[in-house]
Amino acid sequence: MKKYTLNRPHSLFRFCGNTDIVLFLLQKELKGVKVSHLCTPLGISSDFFYPNLGTLILSLMDLPYRSESFMAWYEKKLQKWSAKVDLENNSATAELTLDFYHYLKKKFKNVSKD
């Protein structure tokens, strides 16, 4: 019997471990919110395009503080950052995703110090 070895595809962002998964999910969420904004004026239900991965993303980021107010803040920032997403340019979207990731980490450190 021949054994098949599964080769893991290369990392999307070239990070190791959990960070790569978080960035992948964050990118999907940013793109989903952008598509949902484009569909709303056309009368298309945006529920099909909006993945709503916020709780999973924040859990994987190891942020221990996930209150309702923090989640509302996250949703507000997600809406703002998704407006900058260029669906045609994957490199720009990857760069924006990384910037958003660092923004969330930095803002959380400031919130947790208070």
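Some points on the overall build of the protein chain
Move 1: Helices and strands together make up the secondary structure of the protein chain, namely four helices and zero strands.
Move 2: When burial is assessed residue by residue, the protein chain has 32% of its 114 residues classed as buried.
Move 3: Residue pairs in contact within the protein chain that sit at least 24 positions apart in sequence constitute 60% of those at least 6 positions apart.
Move 4: When the accessible surface of the protein chain is summed, it comes to about 8000 Å², and 56% of that surface belongs to carbon and sulfur atoms.

Considerations on the nonpolar core
Soluble globular proteins tend to bury their nonpolar side chains together.
Move 1: Core analysis: the biggest nonpolar cluster contains 22 residues, and Leu 26, Ile 57, Leu 58, Met 61, Tyr 74 and Phe 100 have the highest contact counts within it.
Move 2: Of all elements in the fold, only α1 (18-39), α2 (54-60), α3 (68-82) and α4 (90-113) reach the threshold of two or more residues within this core.
Move 3: Among the elements that take part in this core, α1 stands out by supplying six residues, more than any other.
Move 4: Non-local contacts of Phe 100, meaning those with residues more than four positions away in its chain, are made with Leu 26, Leu 30, Tyr 74, Lys 77, Leu 78 and Trp 81.

Notes on α3
Move 1: For α3, which comprises 15 residues, the first-to-last C-alpha distance of 21 Å matches the rise-based estimate of 21 Å (1.5 Å per residue) to within 8%.
Move 2: Of all the positions in α3, only Phe 70, Met 71, Tyr 74, Lys 77, Leu 78, Trp 81 and Ser 82 are classed as buried. Summarising the axial view, the buried residues of α3 lie within an arc of 125 degrees, below the 170-degree limit, and thus occupy one face. With respect to the buried face of α3, the exposed residues turned more than 90 degrees away are Glu 68, Lys 76 and Lys 80.

Details of the packing of aromatic side chains
Move 1: Under the definition given, this model contains six aromatic pairs.
Move 2: Both rings, one in Phe 70 and one in Trp 73, keep their centres 5.6 Å apart while their planes meet at 25 degrees; by these two values the pair is stacked. One end of the pair, Phe 70, and the other, Trp 73, are both in helix α3, three residues apart, so they sit about a helical turn from each other.
Move 3: Using a relative accessible area of 5% as the deciding quantity, one classes Phe 70 as buried.

A word on the packing of α1 against α3
Move 1: Contact pair α1 / α3: the axes reach a minimum separation of 9 Å and the direction vectors enclose 70 degrees. The angle between α1 and α3 places the two elements in the roughly perpendicular class. Taken together, the residues of α3 that come into contact with α1 (itself represented by Leu 26, Glu 29, Leu 30, Val 33, Lys 34 and His 37) are Tyr 74, Leu 78, Gln 79, Trp 81 and Ser 82.
Move 2: Looking at the contact of α1 with α3 residue by residue, the classes come out as six nonpolar, three polar and two charged.

Reading guide: rules and limits
- Positions within a chain are numbered from 1, following the residues in the order the chain's sequence is written.
- Totals for whole chains, interfaces and linings use every residue, but because this is a predicted model, local features are given only for residues with pLDDT of at least 70 and side-chain atom pairs only at 80 or more, for both listing and counting.
- Side-chain numbers here rest on the full set of heavy atoms in the structure, without hydrogens or water.
- Secondary structure counts use DSSP, requiring at least four H or I residues in a row for a helix and at least two E residues in a row for a strand, with both numbered from the N terminus.
- Partly exposed describes any residue whose relative accessible area lies between the buried limit of under 20% and the exposed limit of over 50%, with all areas from a 1.4 Å probe on protein chains only and scaled to the type maximum.
- Working rule for contacts: check all heavy atoms of both residues, and any pair within 4.5 Å makes them a contact.
- Using a 1.4 Å probe, the Shrake-Rupley method yields the accessible areas, and only the shown protein chains count as cover for residues.
- Take the buried Ala, Val, Leu, Ile, Met, Phe, Trp, Tyr and Cys residues and link them wherever side-chain atoms come within 4.5 Å; each set so joined is a nonpolar core.
- Between the first and last residue of a helix there are one fewer steps than residues, each counted as 1.5 Å, and that sum is the expected span.
- The arc in question is formed by the directions pointing from the helix axis toward the C-beta atoms.
- Only Phe, Tyr and Trp rings take part, Trp by its six-membered ring, and two of them pair if their centres are within 6.5 Å. Stacked means planes under 30 degrees apart, edge-to-face means over 60, and tilted covers everything else.
- Each axis is a line fitted through C-alpha atoms, and for a helix only the stretch in contact is used; angles between axes span 0 to 180 degrees, taken between their N-to-C directions.
- In what follows, roughly perpendicular refers to angles from 65 to 115 degrees, roughly parallel to angles under 35, roughly antiparallel to angles over 145, and oblique to any angle outside these ranges.
- Classes in brief: Ala, Val, Leu, Ile, Met, Phe, Trp, Tyr, Cys and Pro nonpolar; Asp, Glu, Lys and Arg charged; the others, Gly included, polar.

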